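# Notes for the structure review
Take a look at the letters that make up each chain.
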Amino acid sequence: SQKIEQNSEALNIQEGKTATLTCNYTNYSPAYLQWYRQDPGRGPVFLLLIRENEKEKRKERLKVTFDTTLKQSLFHITASQPADSATYLCALDYTGGGNKLTFGTGTQLKVEL
Amino acid sequence: SQTIHQWPATLVQPVGSPLSLECTVEGTSNPNLYWYRQAAGRGLQLLFYSIGIGQISSEVPQNLSASRPQDRQFILSSKKLLLSDSGFYLCAWSPESRAGGPETQYFGPGTRLLVL
């Protein structure tokens, strides 16, 4: 069965450092991968989408890489701020039809002063 | 711009009581609609999705059901709630898929359900 793995342990980093979150997947080669942010008690919010032919994607302080050989995506937040503290989810479309996403369980990031 | 509404925000229900959660989307037509459940400390579990009026796909067998009576309205129901139905219920929409996507999903504010 399809499986998405994200670090279940919270990641604590100091303000100004770069946070790196990992998403590993199995049993499929998705055409694209998405990252979402979820704050406590709120719905997830879309951040970035990267396609299989894009090795890297950037948006302001965010950077996503996609290694289809390793079946892994890395999500980086540079110059992290306390406001970046949240849970970050990766998501894949295993159906290939563009209709359904399977979400990882997310990694909680805490940026400390 | 598009907006998505969910209500109620919080609900406390006794075991065995019925449930009706409503989700509406504004500012778009023919959206794909989704219901997810998120248990405490767990990931998002897709419950139902719909690509059109009256077209519902169920992902997980359970005592919940979904209906889409109008293009931008999605309802989650249960005839008799179980303790295990407690959780955070999220509705989401995405644009009508174009030949394999990809499509971003946009989530509502969620309904926190506690079954006692």
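Right above here is the structure, for reference.
Since the model is a prediction, treat every value here as computed from it, not as a measurement.

### Looking at the pattern of salt bridges
One pass over the full model with this rule turns up 9 salt bridges over all chains. Where Asp-39 of chain A meets Arg-37 of chain A, a salt bridge forms, and the shortest distance between an N and an O atom there is 3.0 Å. Residue class for Arg-37 of chain A comes out buried when judged on its relative accessible area of 18%. Note that Lys-100 of chain A is salt-bridged to Glu-59 of chain B, the shortest N-O span being 3.1 Å. One end of the pair, Lys-100 of chain A, is in the loop between strand 9 (86-92) and strand 10 (102-103); the other, Glu-59 of chain B, is in the loop between strand 6 (55-58) and strand 7 (64-70), on a second chain. Through salt bridges with shared partners, one network takes in Glu-56, Arg-58 and Lys-63 of chain A.

### Brief notes about the pairing of strand 5 (residues 45-51) of chain A
Residues and elements named next belong to chain A. Sheet topology places strand 4 (residues 32-38) next to strand 5; 6 bridges connect them, and they run antiparallel. Along strand 5, the bridge assignment pairs Trp-35 with Leu-48. With antiparallel pairing between neighbouring strands as the criterion, strand 4 and strand 5 make up a hairpin whose turn holds 6 residues, including Gly-41 at a positive phi of roughly 75 degrees.

Procedures and definitions
- Residues numbered from 1 in each chain as written.
- Chains lettered and ligands numbered in written order.
- Predicted model: local features only at pLDDT ≥ 70, side-chain atom pairs only at ≥ 80, totals over all residues.
- Heavy atoms only, no water.
- Salt bridge = Lys/Arg side-chain N within 4 Å of Asp/Glu carboxyl O.
- Buried < 20%, exposed > 50% of the residue type's maximum accessible area, 1.4 Å probe, protein only.
- Helix = DSSP H or I, 4+ residues; strand = E, 2+ residues; numbered from the N terminus.
- Pairing = 2+ DSSP bridges.

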